[in-house]
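# Examination of the molecular architecture
As a plain string of letters, each chain reads:
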Amino acid sequence: MSTSPIGSAKDLTIARRNLLERNASGKLDAPGLRRALGDLYEFWLAAKATELGITERSGFAIVAVGGLGRQEVVPYSDLDLILLHDDMNSDRVAEVADGLWYPLWDANIGLDHSVRTVPQALAVAREDVSAALGMTEARHIVGDEDLSSLLIGGTRQQWRTEIRRRLPEVIAHAQGRWQRAGDIAHRTEPDLKNGRGGLRDVQLLSALALGQLTDGMGSLRADSPGAAPQLAYARLLDIRTELHRIAGRAREQVRAQDADEIGAALRVGDRFDLSRVISDASRTITYSLEVGIRTASNAVPRRSLAALRRTPIRRPLDEGVVEHHGEIVLARNAIPSRDPGLVLRVASASARTGLPIGASTLGRLADFAPELRAPWSAEARADLLGLLSTGHRILGPIEALDRTGLWGRLLPEWGAVRDLPPRDAIHTWTVDRHLVETVAYAATMTTRVSRPDLLLLGALIHDLGKGREADHSVVGAELAVAIGQRMGLWPQDTETLAAIVRHHLLLPQIATRRDLADPATAAEVAYKLGHDRQLLELLAVLAEADSRATGPGVWGDWKASLIGELVRRTGALIEGDTPIEPEELSADHRSLAEAGGFAVTLTAAPDGPHTFVVTMVAPDSRGLLSRMAGVLALSGLRVLAATVAGHAGSAVNTFRVVPRFGEPPQDAVLRQQLISAVQGKTDVAGRLAERAAAEEPNRVGVDKTEGLPALFGVAPPRVTWSETHSDVVVMELRAADAVGLLSKVTAIIERHGGEVVWAKATTLGGTVVDSFGLRLSGDGNGDRAGIATEVVAATALPSIPSADEQESADRH
């Protein structure tokens, strides 16, 4: 047997080593090194093929898949080769195969090989998803090109024909890979090849495009070319190339000991800068992948007869926001350029329903939605809080907004922490993801505090000061002032928000480092917090949410007991809360009450274009409040706040409301509906129950909250009681918001013989904080227990797992 022009395969390894040494001295960049390696391998294969008689019309061909097939050979990646033959004599096939494979094995060159006829290769692709995905990228190297064309063309045609049937299998195959390799964007040692958001995912997108299920690479904007994921792919490929060269062997995980050298070789900085580059690229790919899979799934026709008969509908979710084909899209009459709050309503609807935002919707918003002017309207703040209140469903919408530049418009300070790696190994996530995780955990605890809105905002921005030279708590507090002013918070709320950020580490640090039995410890905390009980309450809950979002094991019984004891001792030094008192009626409201009969007025509120104030006056009677609230709910009006009072034998109740979508009904219509409800002609409670049942999805094996066009909460309800100086007791309810909640709760109070003397109801994000001044029969103790039990049972909505359940799921 003659010798090939470049000698044995060992000469190939020497040539490869020389190339890598040249690259180390900076003569070849990563793309240039890959091209040179590819040329080297192809040259050797062509020479060896000539030696073995693999020529045109020989009945043999060498086909490359994998990196060589894509012309993306990295230094120590395996050669993935198929030796095709046209049903040749078995002895001749064995001779050619041995002559090709053995030299590569002897030279310790990684090899993934097979010997097949075209029908055999097509059969393997039909049965094995991994093989099918690889062969869609096959490329002829040398030999009988007609034979290679039969395989390449046949594989792609077979893929296009069968992909609709095999799509669930393809997705399941990818999900299994993600489960094994994890999420690249937030791993300390990410698997660039197999992890979620890695190189294989871009190859999967290309395969979906080949199957004509997507338009291409699945870019961040539906109407833009696929530059973003392509650039992200090239960046990860360059990092993988340098990883192989530096490690001196095949390796897919970027380890800390190699990261600084990789960053220097690619001129991106140190290991922290490299981590940020990887995270950004991976998140770009992940988002593109989600859009691509969703587009592909929508392109596959439903198989059931019911699905074939079902006509896609556009279900209204909020003003200008609808569901269509399982995605959040804009209503036909929505004009993004004239509606700055539309971005937040879209994101909030996505989080509430669990449905993704359509790519075209994100593109339109990115192109045309104007920035919110400072100060924000109350409506915009409410929509942001509605988004933040949805637990771990917040992750998808915020990621979608962030990948398209919309989140940065809402919170410009976010850019400093985007993809910022943690400096402490105890942290699981990048800083921006940690902030979102903290909000998700805080949303499960909103009923523990009297100001859930400030808790959620504090959780969102508590680490925004990181990535700078100064103390991040001090810097963050300064940013909090600017953010609070921009969002239109009251000055005292802005001050509290800044204090939350400034002191978010105070309780954990003192509780774990100081003697709690020493009275000076609690006195110091009380002094630093300005003897503010509300701030102490907020910091205690944020400390838990922050710890749970840091990583497994950071929050436990020991830490919880220490912080709880510190909070108890500090709270004992701080003055008690100011008792809640009813508000005085205005002169206009007293006049309406003195006129007697029924009256309803509806006026626009200064909070925003979609907020209204409804005042309802009617002769006072048992059950009136629940009927009034029920009428508003049945009219599609969500109650944001309510004030209940009485005068001259009439109830005078004022509600601040937002239509779920469209315009509110006229006040005359509301008056007729109120009269009908009071006279018993309309069964308000029955109709509310029917509406709730109709809105509940009836789908087997699907999360029952997914696609539900209503607010839902993640925090458990809490009922507390306090005494006053009169015969009126105060019941405070903190619970998840829901359609008809006020009507349901007041009906329970009335069934137990309670009289609502006055009430204040406030919705803060997805949590209601409602106070009722009640007059109970007898000593009221039995009524209190019965009311509390029934109210808690009626307001405990099934939703996203609790913080403990979510952490347990994360661990497994």
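Conventions and cut-offs
Residues numbered from 1 in each chain as written. Predicted model: local features only at pLDDT ≥ 70, side-chain atom pairs only at ≥ 80, totals over all residues. Heavy atoms only, no water. Salt bridge = Lys/Arg side-chain N within 4 Å of Asp/Glu carboxyl O. Helix = DSSP H or I, 4+ residues; strand = E, 2+ residues; numbered from the N terminus. Axes fitted to C-alpha atoms, helices over the stretch in contact; angles between N-to-C directions. Parallel < 35°, antiparallel > 145°, perpendicular 65-115°, else oblique. Left-handed = near helix turned anticlockwise from the far one by under 90°. Contact = heavy atoms within 4.5 Å. Pairing = 2+ DSSP bridges. Phe/Tyr/Trp six-rings, centres within 6.5 Å; stacked < 30°, edge-to-face > 60°. Buried < 20%, exposed > 50% of the residue type's maximum accessible area, 1.4 Å probe, protein only. Lys NZ or Arg CZ within 6 Å of the ring centre and 35° of its normal.

## Some thoughts on the pattern of salt bridges
Tallying each qualifying case throughout the model produces 44 salt bridges. Among the salt bridges present, the one from Glu242 reaches Arg245, with a minimum N-O distance of 2.8 Å. With Glu242 and Arg245 both in helix H9 (residues 227-247) and three residues apart, this pair spans about one turn of that helix. Its salt-bridge partner being Glu565, residue Arg568 comes within 2.8 Å of it at the nearest N-O pair. Here Glu565 and Arg568 lie together in helix H25 (residues 557-573), a separation of three residues that amounts to about one turn.

## Side note on the packing of helix H20 (residues 472-486) against helix H21 (residues 491-502)
For the pair H20 and H21, interaxial distance at closest approach is 8 Å and the crossing angle is 155°. With respect to H21, the axis of H20 lies roughly antiparallel. With respect to the hand of their crossing, H20 and H21 are arranged in right-handed fashion. Across the interface between the two elements, Ser473, Val474, Gly476, Ala477, Ala480, Val481, Gly484 and Gln485 from H20 touch Thr494, Leu497, Ala498, Val501 and Arg502 from H21.

## Re the sheet that holds strand E2 (residues 79-85)
Taken together, four strands build an open sheet; the order of strands is E3-E2-E1-E4 and the sheet is mixed. Of all the strands in the sheet, the pair left with one neighbour each is strand E3 (111-116) and strand E4 (139-143). On average, each strand axis in the sheet is tilted by 25° relative to the strand beside it, whichever way the strands run. With six bridges connecting them, E2 and E3 associate as parallel partners. Across the sheet, the residue bridging to Asp80 is Asp112, located in E3. In the packing of helix H2 (residues 30-52) onto the sheet, contacts are made with strand E1 (60-65), E2 and E4, and the angle to E4 comes to roughly 35°.

## Some remarks on the packing of aromatic side chains
Under the criterion given, the structure shown has two aromatic pairs. Considering the side-chain rings of Tyr102 and Trp105, the 5.0 Å spacing of their centres and the 85° angle between planes classify their relative orientation as edge-to-face. Here Tyr102 and its partner Trp105 are both found in helix H4 (residues 90-106), three residues apart, which amounts to about one turn of the helix. Overall, the relative accessible area of 35% leaves Trp105 in the partly exposed class. Taken together, a centroid distance of 5.8 Å and an interplanar angle of 90° make the contact between Trp407 and Trp414 edge-to-face. The exposure class assigned to Trp407 is buried, which follows from its relative accessible area of 1%. Cation over ring: Arg196 sits above Trp178, and NZ or CZ is 4.2 Å from the ring centre.

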